[in-house]
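Descriptive analysis of the structure
This is what each chain is made of:
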Amino acid sequence: MTEHETTPGTTGDSGAGAVVEETRVETTPVVAPPAVPVASDHPDRWGRVDADGTVYVKTAEGERVVGSWQAGEPAEGLAHFARRFDDIRTEVELLVTRLSSGAGDPKHALTSAKHVQETLADAAVVGDLAALAARVEYVLVLAEKGLEAAKAAKDEARAAAGARKQELVEEAEALANESTQWKAAGDRLRAILDEWKTIRGVDRKTDEQLWRRFSKARDAFNRRRGSHFADLDRQRGVAKNRKQELVEEAEKLIESDDWGPTAGRYKELMVEWKAAGRAPKEADDALWQRFRAAQDAFFAKRSEAFSERDAEFAANAKLKEELLAEAERIDPSVDLEAARQQLYKIQERWDAIGKVPRERVRELEGKLRTIEERVRGAVDAQWRRSDPEAEARVAQFRERVEQFEAQAAKARSAGDKRRAEQAEAQAQQWREWLAAAEQAVASR
């Protein structure tokens, strides 16, 4: 029989089990009657044996025949019936002790006490029958109250058990509808089922209704979890195919010597790898090993090529240092044209040497540029000194000065003082312009 065919923990009207602690019901205290005297200590107080061996017990209504003793002394016969009384007394006191301590079963105690009560009137015993009857009544009262307390405890236990199962059902339904922590939620549902089996005392109808809800919640959770992992399997299948494509491309790029773009593509492949998601673990691990192996192979190859290139660049830097030493000896002040030719040849050899380490580029290029600027400065200075337009302006200004000086001399010879002064003023102006132009040519 499966768990769907029966509801674990259902016991109908059975006890509440371990779920509910002992319930105490407040009752009116019962006043215990005096203890029953032990009859065998003084059997003659409670009965007698007559001459023919008939045994009597004393009661409130008078003496009652309880038997006959012919086997020996009358006292022995009285003691025999007193001991039988004490046996019943012991049985009743044991019921009192168990009921008072809570260890006894009230239902069993009630049955036993009623049996004693029913047989006491005709019992073949010698002892304080009135006291024993009162003690039996006390047991009956204790047993009745114990039954009431047990019934109340059972009702409370049933209610508590039902409430607990209701809580478990609601928790299971919440997990079924909301949780995405699949392992933790699955473990919790199993723990709920284990606890469910320990809860007893719920009436069958209520228990079956709650069980149906719990089973429905578990089924819903299992369906939702199964759907999730089915989707996950599909996603991992897609991821596996995508990663297979990325691995194949990575392996094709190993032989590329287009270092920059290929290294950039490997970085892009890594981004795409992470975006592809998880493939099934075994396949994912194997594909990752291939992908990393392809990467490592390419970058090892590039590193080797870079090492060779760095050695070549270092050698180039040494050659350029030698060229710089040669260029430093160029003196444009001695022979400008020769200096220009020397620099031109050094520049050609510089370009032919090729690249140097990146960290040396600025230093070496800067030193060559300083030499180039020195030669270029000398060339520019010579050009400014030989500028034909500047020389032409000087000649023009000198010619104008001479022209106005001649006009001034002619006017003085003719006695035309006013025209002589005008011509002299104009000559003076052109002299100033001439001096400025000569100064500009001299300072180049």
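Residues numbered from 1 in each chain as written. Predicted model: local features only at pLDDT ≥ 70, side-chain atom pairs only at ≥ 80, totals over all residues. Heavy atoms only, no water.

**Things to note about the sheet that holds strand E3 (residues 62-68)**
Rules: For two strands to pair, DSSP has to find at least two bridges joining them. Strands are runs of DSSP state E lasting at least 2 residues, helices are runs of H or I lasting at least 4, and numbering of each runs from the N terminus. Here an axis means a line fitted to C-alpha atoms, over the contact stretch when the element is a helix, while the angle between two N-to-C directions is reported on a 0 to 180 degree scale.
Spatially, 3 strands are ordered E1-E2-E3 in an open sheet, and the strand pairing comes out antiparallel. At either margin of the open sheet sits one strand with a lone partner, and together these are strand E1 (47-49) and E3. Neighbour-to-neighbour, the strand axes of the sheet open up by a mean angle of 25°, direction not taken into account. Across 6 bridges, the pairing between strand E2 (residues 54-59) and E3 is antiparallel. Paired with Lys-58 across the bridge in E3 is Glu-63.

**Comments concerning the domain arrangement of the protein chain**
For clarity, the cut-off: For every domain, the bounds stem from an assignment made automatically or drawn from a database.
You can read the domains of the protein chain as domain 1 (43-155), domain 2 (159-233), domain 3 (236-300), domain 4 (309-386) and domain 5 (388-443). One C-alpha centre belongs to domain 2, the other to domain 3, and the line joining them spans 44 Å.

**Digging into the packing of aromatic side chains**
Cut-off, in case you're wondering: In this scheme Phe, Tyr and Trp rings, the latter by its six-membered ring, pair at centre separations within 6.5 Å, and the angle between planes marks the pair as stacked below 30 degrees, edge-to-face above 60, and tilted otherwise. Under the scheme applied here, a residue whose accessible area is under 20% of the maximum for its type counts as buried, over 50% as exposed, and between as partly exposed, the area being computed with a 1.4 Å probe on protein chains only.
The tally for this structure, following the rule as stated, stands at 12 aromatic pairs. Seen from their ring centres, Trp-259 and Phe-298 are 5.8 Å apart, and the 45° between their planes marks the pair as tilted. Residue Trp-259 is located in helix H6 (residues 259-276), and its partner Phe-298 is located in helix H7 (residues 281-328); the two are separated by 39 residues in the primary sequence. Across the pair, exposure class does not vary: Trp-259 and Phe-298 are buried alike. Relative to Trp-288, the ring of Trp-273 has its centre 5.4 Å away and its plane inclined at 55°; by these criteria the two rings are tilted.

**So, helix H4 (residues 182-198)**
Our working definition: To estimate the expected span of a helix, subtract one from its residue number and multiply by 1.5 Å. For this quantity, the arc is that covered by the directions from the helix axis to the C-beta atoms. Any two residues whose heavy atoms approach within 4.5 Å are treated as being in contact.
Its 17 residues place the ends of H4 25 Å apart at the C-alpha level, agreeing with the 24 Å of an ideal helix rising 1.5 Å per residue. Buried residues of H4: Trp-182, Ala-185, Gly-186, Leu-189, Ile-192, Leu-193 and Trp-196, and no others. For H4, the buried positions fall inside an angular range of 115° around the axis, keeping them on one side. Next to the buried residues of H4 lie helix H3 (129-178) and helix H5 (204-252).

**Focus: the pattern of salt bridges**
As a reminder, the rule being used: When a carboxyl oxygen of Asp or Glu is within 4 Å of a side-chain nitrogen of Lys or Arg, the pair counts as a salt bridge.
By the definition in use, this model includes 32 salt bridges. Of the charged contacts, one joins Arg-164 and Glu-195 as a salt bridge, the two residues approaching to 2.7 Å between their closest N and O atoms. Highlighted residues: Arg-164 in helix H3 and Glu-195 in helix H4, separated in sequence by 31 residues. Take Arg-164: its relative accessible area is 24%, and that puts it in the partly exposed class. Members of the salt-bridge network, linked through shared partners, are Arg-242, Glu-245, Glu-249, Arg-265, Glu-268 and Glu-272.

**With respect to the environment of Glu-245**
Checked against the element boundaries, Glu-245 lands in helix H5. With a relative accessible area of 45%, Glu-245 lands in the partly exposed category. Sequence separation between Glu-245 and Pro-33 is 212 residues; the distance between their C-alpha atoms is 97 Å.

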